[in-house]
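Structural characterization, general
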Amino acid sequence: QLHSEQMEITVDMGFAFKLKGHIDGIVTDLLNTDYLWEHKAINHFSWQKYWDGAIPYDYVSQCCIYLRGLHADNPNIDRAVLLLKNKNTAAYMEFEIEYNYNLDFAVITKATNSNGEIKIINEPIDKAVWSCFVKFDYVNDCIQNMKLPKRDYFIGDDWHCDYCAYGKTCW
């Protein structure tokens with residue numbers, strides 16, 4: 001059963017700000033176990049990249065933030081299902097994520113695609129939510145001090161800038 005769609009969560013890690021978000025939902029299975037459920041629709045190339053072994057760290061981080069926020073309402077929810085839909089083929093892939101609230105530690109345990117193929121991953125992520133807060137704190141610092149951070153991507157070297165409509169304006 002899918003329920004609690006768009007439920008708001010708030011996460012506080014002791015910084016000058018809190019993170020808020022809205023979950024896609026909670027899935028309760030037949031054994032009455034609850035899982036965070038997040039759904040993303042992505043292009044074919046990203047979908048294939050993730051199935052070939054890349055990790056969607058930004059989406060996983062979002063799931064960890066949400067799991068931490070859900071802890072106040074239900075401390076038993078410590079796992080998430082990140083469901084990715086291939087917008088071109090309608091194929092699905094899911095990543096299973098386990099999150100330890102007390103240690104702020106996550107593990108991406110496995111990926112399963114809609115053909116029934118399973119890949120065991122067991123990718124650990126230490127300070128899964130804390131590292132997100134540090135990144136957002138850095139962004140806030142850059143805004144306050146009116147400074148631009150070092151670029152993550154460069155025109156001609158990476159597709160991120162090559163496809164960006166504002167690439168030349170940005171530079």
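One structure accompanies this document, and this report is about it. All values reported here derive from a predicted model rather than from experimental measurement.

This next bit is on the environment of Lys85. In this fold, Lys85 is placed in strand 6 (residues 79-86). The exposure class of Lys85 is partly exposed, given its relative accessible area of 27%. When residues no more than four places from it in sequence are discounted, the contact partners of Lys85 are His39, Lys40, Ala41, Ile42, Trp47, Ala90, Ala91 and Tyr92.

Spatial strand order, 1-4-5-6-7-8-9: 7 strands in an open sheet with mixed pairing. The open sheet has two edge strands, strand 1 (2-3) and strand 9 (118-126), and neither has a second partner. Pairing analysis gives 7 bridges linking strand 5 (residues 34-42) to strand 6, with the strands arranged parallel. Residue pairing in the sheet places Trp37 in a bridge with Val81 of strand 6. Against the sheet, helix 2 (residues 57-70) touches strand 4 (25-28), strand 5, strand 6, strand 7 (92-100), strand 8 (105-113) and strand 9, its axis set at about 150° to strand 5.

Rules behind the numbers
Residues numbered from 1 in each chain as written. Predicted model: local features only at pLDDT ≥ 70, side-chain atom pairs only at ≥ 80, totals over all residues. Heavy atoms only, no water. Helix = DSSP H or I, 4+ residues; strand = E, 2+ residues; numbered from the N terminus. Buried < 20%, exposed > 50% of the residue type's maximum accessible area, 1.4 Å probe, protein only. Contact = heavy atoms within 4.5 Å. Pairing = 2+ DSSP bridges. Axes fitted to C-alpha atoms, helices over the stretch in contact; angles between N-to-C directions.

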